[in-house]
Amino acid sequence: MAALGSVRWMTRALVGVPNCGVWRGLTTSASVRAASKAEDVRVEGAFPVTMLPGDGVGPELMHAVKEVFKAAAVPVEFQEHHLSEVQNMASEEKLEQVLSSMKENKVALIGKIHTPMEYKGELASYDMRLRRKLDLFANVVHVKSLPGYKTRHNNLDLVIIREQTEGEYSSLEHESAKGVIECLKIVTRTKSQRIAKFAFDYATKKGRGKVTAVHKANIMKLGDGLFLQCCEEVAELYPKIKFETMIIDNCCMQLVQNPYQFDVLVMPNLYGNIIDNLAAGLVGGAGVVPGESYSAEYAVFEMGARHPFAQAVGRNIANPTAMLLSASNMLRHLNLEYHSNLIADAVKKVIKVGKVRTRDMGGYSTTSDFIKSVIGHLHPHGV
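Residues numbered from 1 in each chain as written. Predicted model: local features only at pLDDT ≥ 70, side-chain atom pairs only at ≥ 80, totals over all residues. Heavy atoms only, no water.

S.K.: Give me unusual backbone geometry: which residues, what numbers.
M.R.: Although it is not a glycine, Ala73 adopts a positive phi angle of roughly 55 degrees. With respect to the element layout, Ala73 can be found in the loop between helix H4 (58-71) and strand E2 (76-80). Classification of Ala73 by relative accessible area gives exposed; the value is 55%. The phi torsion at Asn155 lies on the positive side, around 60 degrees, for a residue other than glycine. (Helix = DSSP H or I, 4+ residues; strand = E, 2+ residues; numbered from the N terminus. Buried < 20%, exposed > 50% of the residue type's maximum accessible area, 1.4 Å probe, protein only.)

S.K.: Residues and numbers for empty space enclosed by the protein, please.
M.R.: Gaps left between atoms show up when a probe the size of a water molecule is rolled over them. By the definition in use, this model includes five cavities of 30 Å³ or more. Its boundaries defined by the atoms lining it, the second largest cavity holds a volume of some 90 Å³. If you trace the second largest cavity, you find 12 residues lining it, with Ile110, Gly111, Lys112, Glu302 and Arg306 closest to the centre. Breaking the lining of the second largest cavity down by element, the ones donating at least two residues are helix H6 (126-133) and strand E12 (299-303). (1 Å grid on protein atoms, 1.4 Å probe; cavity = no way out; pocket = protein on both sides within 12 Å on 5 of 7 lines; lining within 4 Å. Points joined across faces, edges and corners; volume = space filled by probe spheres on them.)

S.K.: Any chance you could break down the pairing of strand E10 (residues 264-267) for me, citing the residues and the numbers?
M.R.: Both faces of E10 are covered, namely the face carrying Val264 and Val266 and the face carrying Leu265 and Met267. Taken together, the four bridges between strand E5 (residues 157-163) and E10 define a ladder with parallel strand orientation. By the bridge assignment, Ile161 is partnered in E10 with Val266. Looking at chain direction, strand E8 (residues 210-215) and E10 are connected through three bridges and run parallel. Counterpart to Thr212 in the pairing with E10 is Leu265. (Pairing = 2+ DSSP bridges.)

Below, the structure is given as structure tokens:
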């Protein structure tokens, strides 16, 4: 059960969940529990997983996942829910249905839920409310170059970890005087320590040697100063891991000039959102980088760069690589190691061979072409 316990072990260590029974159940008998639960749901022996297709090309990417899972005979039963603020499919009732499903299944695969810019009386988006209600505090994006696909920087391998329940995303804004908006950035010691501990535990578990805390404490002396202080305090508990700090603007420049200097980066919410997308661009864009979010109990798998790619909707040109790799990571989390490797290897082979490339990768292949090619690489010898 080592694969299943990997990140959950880290989260348990840093969150200190009072109900140890929850963790015991997750780490020691997840396969049995999920299988028996699935017997009650629909398919005997299958893992029930919540699926949120989201907006933009999300539904098309989820179709790709379902096709590949079917071809690979993956023992997962998706329970699909639709939540969208731009397709008139968002309500308190729908949000509760999604939350109920995710709390039941513990694992979800989601597309980008687009957040409209218009203010309609509710500041917090459904996307953010979902994360807060499940306390999905840690977002992890593993930025890794894909063999066979050349970009400006090759052989990159770095991890971006962001706190995603507070900071500038606290939805605390108001007009204090006519034409004057106050937007509050919330930074707490508890959550800053928690994400710092998560980052160092992640580095320890994955055998990585350095953690860089990214901040703007030279300007936001109290807010980012507290975040930085928490990272420094936690770093002292991990003497074997090198610890560095870097101001966010310099970090952006360094990522473009010499990204190889980084290993694990930890940062507050807004900086992480920006850096996720910048780093994804270094290895090929939003279509190729997977991501995941964790709480003490739940795991959500998604694209690393949250881009709905609305202009590609219905054109059969979206790149399913990121979503398929996210789905592969989800299978590893469920301890379905064989199926996880089968799908990840097939996707990487398609890219390495280079005959099938979607437009974002400089080719002319369709989403369907890519799916077909991945399925063809699942069992190359007809086994």
